[in-house]
Amino acid sequence: NLTINNTDDLTGTAVTMNTPITVNGAFTLTNGHLVTTATNVLTLSDPATVVLNASTVPVSQDSSFVKGPMAYIELTNGVPATKEFPVGKGDLMHKIDLNITHSSAGTNTYTAMYYDASDAQFTATASCSLPGDNSLSNVSAIGHWDLSKSGGATVSNASVKLYYLPSDEVAVGADLRVAKGNPSAWTNITGTGIGVPTGTITSATNFTTFSRFSLAN
């Protein structure tokens, strides 16, 4: 088990990983952030679970989440599984959930990270006609998620659930969509936003490859 309960983080002293860690039990976020890097990644094994401090996500959870990449191992074949990634940037958690089904035996590792406009890896594509899919008009210039896969198990079904906040400037949930791809070419994998200005959207178009995911309309 791993519990983050660090009230000193309120004054700027976060828990920072200096070696990779694998959690096999409960990963509990109570207070304070966990800072990870591409080298020092937090990995949750297949039986591990995420325990958040808030009954209302994402509003009350901003005091405790993962700043940086977080990985999840999935072993199950033929049975849908949900992987929770309580990741974020600055003082805001932007959680992403992955619902995944494997159609072959094997082990996959899924790694998620949230980027905002302050990151060099973030390139906004907004307020323009998007290459790749003319059913989208705009993709968020505020932030997006990177979700990657490694391993040999075949994916038959996948969807993502994205959590958004007032800072994401969602005005009409019915117009919201999930975009998949990269800043050069996004694809509409549909969905409808539930709630404004805080809420969630779950992609409705199946995918089996992994890339970046963004709020769009």
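Residues numbered from 1 in each chain as written. Predicted model: local features only at pLDDT ≥ 70, side-chain atom pairs only at ≥ 80, totals over all residues. Heavy atoms only, no water.

Section: the overall build of the protein chain
Here comes step 1: Looking only at helices and strands, one finds zero helices and 20 strands in the protein chain.
Here comes step 2: Residue burial in the protein chain is summarised as follows: out of 217 residues, 47% are buried.
Here comes step 3: Total accessible area on the protein chain is roughly 9200 Å²; 50% of this is exposed by carbon and sulfur atoms. (Helix = DSSP H or I, 4+ residues; strand = E, 2+ residues; numbered from the N terminus. Buried < 20%, exposed > 50% of the residue type's maximum accessible area, 1.4 Å probe, protein only. Areas by Shrake-Rupley, 256 points an atom, 1.4 Å probe, with all protein chains shown as cover.)

Focus: the nonpolar core
Here comes step 1: Grouped together as the largest cluster of nonpolar side chains are 39 residues, with contacts concentrated most on Phe27, Leu42, Met70, Phe85, Leu98 and Leu147.
Here comes step 2: Residue contributions to this core peak at five residues, all from strand E16 (residues 155–164).
Here comes step 3: Not counting the four nearest positions on each side in its chain, Phe27 is found in contact with Leu2, Ile4, Leu34, Leu42, Leu44, Thr49, Val50, Val51, Val66, Met70 and Pro86.
Here comes step 4: Val139, Ala179, Trp186 and Ala216 belong to the second largest nonpolar core, which has five residues in total. (Core = buried A, V, L, I, M, F, W, Y, C linked by side-chain atoms within 4.5 Å. Contact = heavy atoms within 4.5 Å.)

Quick notes on the packing of aromatic side chains
Describing an aromatic ring pair means giving the distance of the ring centres and the angle of the ring planes.
Here comes step 1: Tallied over the entire structure, the rule returns five aromatic pairs.
Here comes step 2: Aromatic pair Tyr110 and Phe210: ring centres 5.3 Å apart, planes at 55°, arrangement tilted. With a gap of 100 residues between them, Tyr110 in strand E14 (residues 108–116) and Phe210 in the loop between strand E19 (199–202) and strand E20 (212–216) connect regions that are remote in the sequence.
Here comes step 3: The exposure class assigned to Tyr110 is buried, which follows from its relative accessible area of 0%.
Here comes step 4: Phe210 gets classed as buried once you look at its relative accessible area, which sits at 18%.
Here comes step 5: Ring plane angle 80° and centroid distance 5.6 Å describe the contact between Phe207 and Phe210, whose orientation is recorded as edge-to-face.
Here comes step 6: An aromatic cluster is present here, built from Tyr110, Phe207, Phe210 and Phe213 joined pairwise through their rings. (Phe/Tyr/Trp six-rings, centres within 6.5 Å; stacked < 30°, edge-to-face > 60°.)

Topic: the sheet that holds strand E7 (residues 49–51)
Here comes step 1: Strand order in the open sheet formed by three strands is E1-E4-E7, and the pairing between neighbours is parallel. Looking at strand neighbours, the two that pair on one side only are strand E1 (2–5) and E7, the edges of this open sheet. Taking each pair of neighbouring strands and ignoring which way they run, the sheet shows an average axis angle of 10°.
Here comes step 2: As paired elements, E1 and strand E4 (residues 26–31) share four bridges and run parallel to each other. (Pairing = 2+ DSSP bridges. Axes fitted to C-alpha atoms, helices over the stretch in contact; angles between N-to-C directions.)

Details of the confidence of the model for the protein chain
Here comes step 1: Mean pLDDT over the protein chain stands at 88; residues scoring 70 or higher make up 89%.
Here comes step 2: For the protein chain, the element scoring lowest by mean pLDDT is strand E18 (residues 185–188), at 87; strand E6 (residues 42–44) scores highest, at 98. (pLDDT = per-residue confidence, 0-100.)

Considerations on the sheet that holds strand E12 (residues 92–93)
Two strands in a sheet stick together by hydrogen bonds in their backbones, pointing the same way (parallel) or opposite ways (antiparallel).
Here comes step 1: Sheet architecture is open: five strands sit in the order E2-E5-E8-E11-E12, paired in mixed fashion. Two strands close off the open sheet at either side, each with one partner strand: strand E2 (15–16) and E12.
Here comes step 2: Strand direction decides the pairing type here: strand E11 (residues 87–89) and E12, joined by two bridges, are antiparallel. Bridging from a neighbouring strand, Gly88 pairs with Met93 of E12.

A look at the pattern of salt bridges
Here comes step 1: In the structure shown here, the tally under the stated rule is five salt bridges.
Here comes step 2: In this structure, the salt-bridge partner of Lys83 is Asp46, at a minimum N-O distance of 3.2 Å. Placement of the pair is Lys83 in strand E10 (residues 81–85) and Asp46 in the loop between E6 and E7, with a sequence separation of 37 residues.
Here comes step 3: We note a salt bridge from Arg212 to Asp146, for which the minimum N-O separation is 3.3 Å. Here Asp146 lies in strand E15 (residues 143–151) and Arg212 lies in strand E20, a separation of 66 residues in the sequence. (Salt bridge = Lys/Arg side-chain N within 4 Å of Asp/Glu carboxyl O.)

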